[in-house]
Amino acid sequence: MSVRVKLVLGIMGIAFLASGATGSYFFWQAKGSMMDSIRQQLKAAAVVGASFVDGAQVESLQDPEQSSAPAYKELQKLIGDLAQSAPEFLYAYIMRVNDERVEFVVDSPPSDDDGDGQISKDEMPAPIGEPYLNPPQELLQGFVKPAADKGPWKDKWGWTMSGYAPITTDSGRQVGLLGIDMSVNRIRDKLAVIRSVHHDSSSHG
């Protein structure tokens, strides 16, 4: 079974478990439950993805010129498969702390996110060593234990909600984190469904 198939099956299982969390609650209860289930889904997906990452490969990537190295290409394919393993997901990436600064190691492959038929500069992967400025507290926690944003977060790539999990070597030493983003548009879609269900139930009441 390929890594991509394993990722897809793992994420599908997580999504299935999370999908029933909003069933018959009132709107605000359902909204809170949905946000909790999204956080759990993101954390679990990050843990699944991180388990496939070779920590030694992450450590070996120190220079932007290594973006053509086999280790980089292998890790980029892995996180690209992870980002495509569920329709809710947008990007995946690997980061580390270097001199108390959070920086990218491997970013998602180039993608035409705005659908204009071209890959613009901001749709290209962040190079090895590019700093990630003003990281949220949950991202910093992700270097130590699985974590997820409490709500949508905006950076230069737009609004997302993310989950994080530590990456370790075979000896258990933590060398970075894997992050995975969910598009805020998907979260809005889920909220719209809850509003619709709540409206229908109120009308019939």
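Everything discussed here concerns the structure shown above.
(A) Local environment of the pairing of strand β1 (residues 89–98). Counting buried positions over the 10 residues of β1 gives seven, a clear majority of the element. Examined bridge by bridge, β1 and strand β2 (residues 101–107) share six bridges and lie antiparallel to one another. Its bridge partner being in β2, N98 is matched across the sheet by R101. The hairpin formed by β1 and β2 contains two residues between the paired strands, and D99 there has a positive phi angle of roughly 55°.

(B) A look at the pattern of salt bridges. All told, the structure shown has six salt bridges when counted by the stated rule. Notably, a salt bridge pairs R39 with D36, separated by 2.4 Å at the nearest N-O pair. Placement of both R39 and D36 in helix α2 (residues 27–50) is noted, with a separation of three residues, approximately one turn of the helix. For R96, the salt bridge goes to E103, with nearest N and O atoms at 3.1 Å. Accessibility assignment for this pair places R96 and E103 in one class, buried. Through salt bridges with shared partners, a single network forms among R96, R101 and E103.

(C) Here's a closer look at the nonpolar core. Core analysis: the largest hydrophobic core is formed by 31 residues, its most contacted members being V53, V58, L61, I94, V106, I167 and L178. Of all the elements in the fold, those that place two or more residues in this core are α2, α4 (70–83), β1, β2, β5 (158–168) and β6 (174–183).

(D) Quick look at α4. Here α4 spans 20 Å end to end across 14 residues, near enough to the 20 Å set by a 1.5 Å rise per residue. The element α4 is largely enclosed, with a buried count of 10 among its 14 residues. Among all positions of α4, only A71, Y72, L75, Q76, L78, I79, G80, D81, L82 and A83 are buried.

(E) View of the packing of aromatic side chains. Under the criterion given, the structure shown has four aromatic pairs. When the ring of F104 is compared with that of Y132, the centres are 6.0 Å apart and the planes differ by 85°; the resulting orientation is edge-to-face. Of this pair, F104 sits in strand β2 while Y132 sits in the loop between β2 and α5 (137–141), and the two are 28 residues apart along the sequence. Taking the centre distance of 6.4 Å and the plane angle of 15° together, the rings of Y132 and W157 count as stacked. Of this pair, Y132 sits in the loop between β2 and α5 while W157 sits in the loop between β4 (153–155) and β5, placing them 25 residues apart in sequence.

(F) The arrangement of the side chain of D149 in detail. Counting through the fold element by element, D149 comes out in the loop between β3 (147–148) and β4. With no salt bridge to any partner, buried D149 finds its closest opposite charge in R39, at an N-O distance of 9.2 Å. A polar atom in the side chain of D149 sits 3.0 Å from the side chain of Y164. The contact partners of D149, leaving out residues within four places of it in the chain, are R39, P136, E138, M161, S162 and Y164.

Thresholds, definitions, all that
Residues numbered from 1 in each chain as written. Predicted model: local features only at pLDDT ≥ 70, side-chain atom pairs only at ≥ 80, totals over all residues. Heavy atoms only, no water. Buried < 20%, exposed > 50% of the residue type's maximum accessible area, 1.4 Å probe, protein only. Helix = DSSP H or I, 4+ residues; strand = E, 2+ residues; numbered from the N terminus. Pairing = 2+ DSSP bridges. Salt bridge = Lys/Arg side-chain N within 4 Å of Asp/Glu carboxyl O. Core = buried A, V, L, I, M, F, W, Y, C linked by side-chain atoms within 4.5 Å. Expected span 1.5 Å × (residues − 1). Phe/Tyr/Trp six-rings, centres within 6.5 Å; stacked < 30°, edge-to-face > 60°. Lys, Arg positive; Asp, Glu negative; His and termini not counted. Polar contact = N/O pair within 3.5 Å; in protein donor to acceptor, adjacent residues only side chain to side chain. Contact = heavy atoms within 4.5 Å.

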